[in-house]
Amino acid sequence: MKKTPKPRDTVQRLKETIHKQPAVFAVYLALRLIVLAELAMSIIRGEYESAFICLLVLALFILPFFIQQNFGIQLPSVLEIIILLFIFAAEILGELECYFITYPNWDSILHTTTGFLCAATGFALIDILNRNSRIKFQLSPVYVALAAFCFSMTVGVLWEFFEFGMDRVFHLDMQKDTVVQSITSVMLDPTNSNTPITIDGIHSVAVNGTDLGFDGYLDIGLYDTMEDLFVNFIGAVTFSVIGYFYIKHRGKGKLAQAFIPTLSEDEDKEASLPEGDPGVPPESE
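Residues numbered from 1 in each chain as written. Predicted model: local features only at pLDDT ≥ 70, side-chain atom pairs only at ≥ 80, totals over all residues. Heavy atoms only, no water.

## So, the nonpolar core
Threshold: To qualify as a nonpolar core, a set must consist of buried Ala, Val, Leu, Ile, Met, Phe, Trp, Tyr and Cys residues joined through side-chain atoms within 4.5 Å. Per-residue accessibility, obtained with a 1.4 Å probe over protein chains only, is compared with the maximum for each type, and a residue is labelled buried under 20%, exposed over 50%, and partly exposed between these values. Numbering goes from the N terminus for both helices and strands, where a helix is a DSSP run of H or I of at least four residues and a strand is a run of E of at least two. Contacts: residue pairs with any heavy atoms within 4.5 Å of one another.
Counting residues in each nonpolar core, the largest one holds 22 residues, and the members touching the most others are Val35, Val57, Phe61, Phe88 and Ile92. Among the elements that line this core, the one with the most residues is helix 4 (residues 77-96), at nine residues. Setting aside anything within four residues of it in sequence, one finds isoleucine 92 in contact with Val35, Cys54, Val57, Ile87 and Glu97. Formed by 20 residues, the second largest nonpolar core is a distinct cluster that contains Leu79, Ala124, Phe239 and Ile260.

Printed below as a string of structure tokens:
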């Protein structure tokens, strides 16, 4: 059973991490200062919901270090920097600075990144088990790549469930709407014979006698959800292909190594020992 690190050990490990990954610490420090400034401004303006988001971001920034220190997992510097930037881009820029509205492709970029990173995470989970001598199975590169792809798509689907639930229960708009000029539905068929009827050239829609002011029909979240899943699919496929060649030619995939979490040196040595082997000879009395 892994012992909980003492505060002194945690500080020492933090210093070692800063020394080994100065670029990560520089990015972390810069982003943290920006978020702290945003937090202060939100409190001054009385925007307490924005202040809560800032506090959430500050907590999420600690997550990579927490994972490395408590689960014996080593995150590559490139991956850790991307995770920090992703959190900042999604919450501070996307939510507080309204980038999701100002830049229509901002959400798609983030979902593509999510698909890529989740595939890397799923790949790492399978690959670590695949290389553990205590676990008696070996998976082919195709199977590992497929498992990584499925893991990423599952995370993407669960996230869409979460967005729908938040919109339904709390009346939010996480699943952004889309204006379309054409709709097709069997509900428009007056004969009730399950025949899809298409309405084209929609440029005005009124609700309860009031025109919505859109140049078309307001789709409620469907297009956004399907686009999110599609770009997640692209990110997942991209990394799965990279991961396949990484396993196929072990040690030569520098691009993959920049995104795949691995076991720390101590955990890797422990995992490579045969079952029942303590790894260290007993001390003589």
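## Structural notes on the side chain of aspartate 219
Tracing the sequence through the fold places aspartate 219 in strand 7 (residues 217-219). Leave out the neighbours within four places in its chain, and aspartate 219 touches Asp177 and Thr178.

## Some details on helix 2 (residues 22-45)
The cut-off we apply is this: Helix span, as expected, comes to 1.5 Å for every residue beyond the first.
With 24 residues, helix 2 should cover 34 Å at 1.5 Å per step; its first-to-last C-alpha distance of 35 Å lies within 8% of that length. Taken together, the buried positions of helix 2 are occupied by Val24, Leu31, Val35, Glu38, Leu39 and Ser42. The inward-facing, buried residues of helix 2 abut helix 3 (48-71) and helix 4. Glycine 46 lies just past helix 2 and shows a positive phi near 75°.

## Here we look at unusual backbone geometry
Phi angles above zero are rare outside glycine, and cysteine 98 is one such case at about 60°. Considering the arrangement of structural elements, one finds cysteine 98 in the loop between helix 4 and helix 5 (99-102). Owing to a relative accessible area of 39%, cysteine 98 belongs among the partly exposed residues under this scheme.

## Some points on the packing of aromatic side chains
Counted only if it meets this: Here a Phe, Tyr or Trp ring, Trp counted by its six-membered ring, pairs with any other such ring whose centre lies within 6.5 Å, and the pair is stacked when the planes are under 30 degrees apart, edge-to-face when over 60, and tilted otherwise.
If you walk through the whole model with that rule in mind, you get 13 aromatic pairs. An angle of 75° between the planes, with centres 6.2 Å apart, marks the rings of phenylalanine 66 and phenylalanine 71 as edge-to-face. Within the aromatic cluster, the residues linked to one another by ring pairs are Phe116, Phe123, Phe239, Tyr246 and Phe259.

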